[in-house]
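Examining the three-dimensional arrangement
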Amino acid sequence: MIEHLHGNSDIEAILVEKTDRLYRNFKDYVIIDDLGLTVYLVKENEIIGKEASSHQKFIHGIKVLMAKNYVDNLSEEARKGLNQKAESGIYPGSNLPIGYKLGKHDGKSIPVVDETHKELAVQMFELYASGSYSILSLRQRLKAEGFISPERFKEDLRRRTLTKSTMHRLLRNPFYYGDFQWNDKLYTGTHPPLIPKELWNKVQANLDRFEKKEMLSKHQATPFIFKGLFVCGECGRSITAEKKVKKSGKEYTYYHCTKFETNCSQKAINETVIEKQITSSLHGLEMPQEAVSYVAMGLKTSLTTKRATADKIKRNFEEEKKLLEERLDSLYEDKLDGNIAKDFYERKADEYSTRIKELDEKISKMTHASLDYYDFGSKILELANKASFLYEKANPEEKKELLSFLLSNSTLKDRKALLQYKKPFDRVLERASCSDWRGRRGSNP
Ligand SMILES: [Zn+2]
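Conventions we followed
- Residues numbered from 1 in each chain as written.
- Predicted model: local features only at pLDDT ≥ 70, side-chain atom pairs only at ≥ 80, totals over all residues.
- Helix = DSSP H or I, 4+ residues; strand = E, 2+ residues; numbered from the N terminus.
- Buried ≥ 20, exposed ≤ 12 C-beta atoms within 10 Å, placed from the backbone.
- Contact = placed C-beta atoms within 7 Å.
- Pairing = 2+ DSSP bridges.
- Axes fitted to C-alpha atoms, helices over the stretch in contact; angles between N-to-C directions.

Looking now at the overall build of the chain. Along the chain, the regular secondary structure elements total 14 helices and 13 strands. The buried share of the chain, taken over its 445 residues, is 20%. For the chain, the share of sequence-separated contacts (at least 6 apart) that also reach a separation of at least 24 residues comes to 62%.

Here we take up the environment of Lys-143. When you line up the elements, Lys-143 lands in helix H7 (residues 135-144). A C-alpha to C-alpha distance of 9.6 Å links Lys-143 and Leu-162, two positions 19 residues apart in sequence.

A word on the sheet that holds strand E8 (residues 230-232). By way of backbone hydrogen bonds, the strands of a sheet pair with one another, either parallel or antiparallel. With respect to topology, 3 strands assemble into an open sheet ordered E8-E12-E13, the strand pairing being mixed. Looking along the sheet, the strands with just one partner apiece sit at the ends: E8 and strand E13 (416-418). Taken over all neighbouring pairs, the strand axes of this sheet differ in orientation by 35° on average, direction set aside. Pairing between E8 and strand E12 (residues 410-413): 3 bridges, direction parallel.

Attention now goes to the sheet that holds strand E11 (residues 269-270). Strand order in this open sheet of 3 strands is E9-E10-E11, and the pairing throughout is antiparallel. The open sheet has two free edges, formed respectively by strand E9 (239-245) and E11, since each of these has just one partner strand. In this sheet, E11 lies alongside strand E10 (residues 251-257) in antiparallel orientation, the contact comprising 2 bridges. Opposite Tyr-255, over in E11, you have Ile-269 as the bridge partner.

Here we come to the pairing of E9. Pairing analysis gives 7 bridges linking E9 to E10, with the strands arranged antiparallel. Of the residues in E10, the one forming a bridge with Lys-244 is Tyr-252. Where E9 hands over to E10, the hairpin turn is made up of 5 residues, of which Gly-249 adopts a positive phi near 95°.

With that settled, the discussion passes to unusual backbone geometry. For Lys-259, which is not glycine, the phi dihedral falls at a positive 50°. Relative to the helices and strands, Lys-259 is located in the loop between E10 and E11. Accessibility expressed as a C-beta count within 10 Å gives 15 for Lys-259, which makes it partly exposed. The phi torsion at Arg-415 lies on the positive side, around 60°, for a residue other than glycine. Its place among the elements puts Arg-415 in the loop between E12 and E13.

Here it is as structure tokens:
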């Protein structure tokens, strides 16, 4: 649909049932918003367009974020099936490490050894365990010995040039000694191992040692917090940073335009000046308590619709559960009275209990799904509200991370940082700086 919108500039409005129908992801929202289309949300009784007030847009932005979260929740059902497969020792994914391929067993697809590349995998571990190779030199040796060649990877062009990072990932993969990782959990696999666990452990120790060395050399210099965050407001070139030592011996960090092939007139700006401007801007994200509760109210309204549907489904599950429990009771009485045979009772009782257990899981999931949904929206507000506090407590790396989460396309001009907040934080800022919260309450959030 998004592609269709791009190709048809005469479209002015979209009609949708509910927020989560419209947006597959947050990016779609940004695109639709940028195209300046008017969106009619039928179920939520809302119109979002150029004319919509900024707080309507803001709450809409939050709903989009939450709709994504809701969709994520639903796909959990599909995930559960795969987790069961993992539980039984079979890797549920299809992307197997080099040395394995998918085979069939009893109609199920399972990982089997790929004889073409088995030796490559084994050699990779044995050589790296010796400690006399870096990943790069290991790759060269394997190439020289013909393990990595276009002919060998004829059927899999994607892997033809085993990159450094792919090799690193393979060496870290527990699959080779018989376990596997699935959704951040380690499972004991039933597939044949290619190497013993001791060899794998040795390789991990070597990798750890190497990474530690690399990290130490990286951390010696403190990072430039604002590098990559700004472009020049005059000529659009990137902003670079450098350290300078003054006569007093004190070190200063300056940011300035690279002025690449331009006649830019911008001068350098001291890091502490930018820092001050950023701190005060982040303060602007804080909202008066009244405003926070106002937005929370808007979120609740949208949640009510969603929850009504969820509650209805939940009630159906609960009714079915009650019915089954009653049946189970009368079945038991029938058995006591001698009206039915023992094996019939056991079969039926087992059937009912299994279904009741299933229903219990579904009911608890419905309860949690709607809670998560609300939680996510509040988290965005909370983060906005605490941004300046978090920033002041953060170390340089964390500052960098927080700022890149909140900001994009910011510029530096005339020694001023012009900060651009990402959605929906731009709306938070807009609303927070507007003192007249009650005045706009007339329109339905
Ligand atoms: Zn410039």
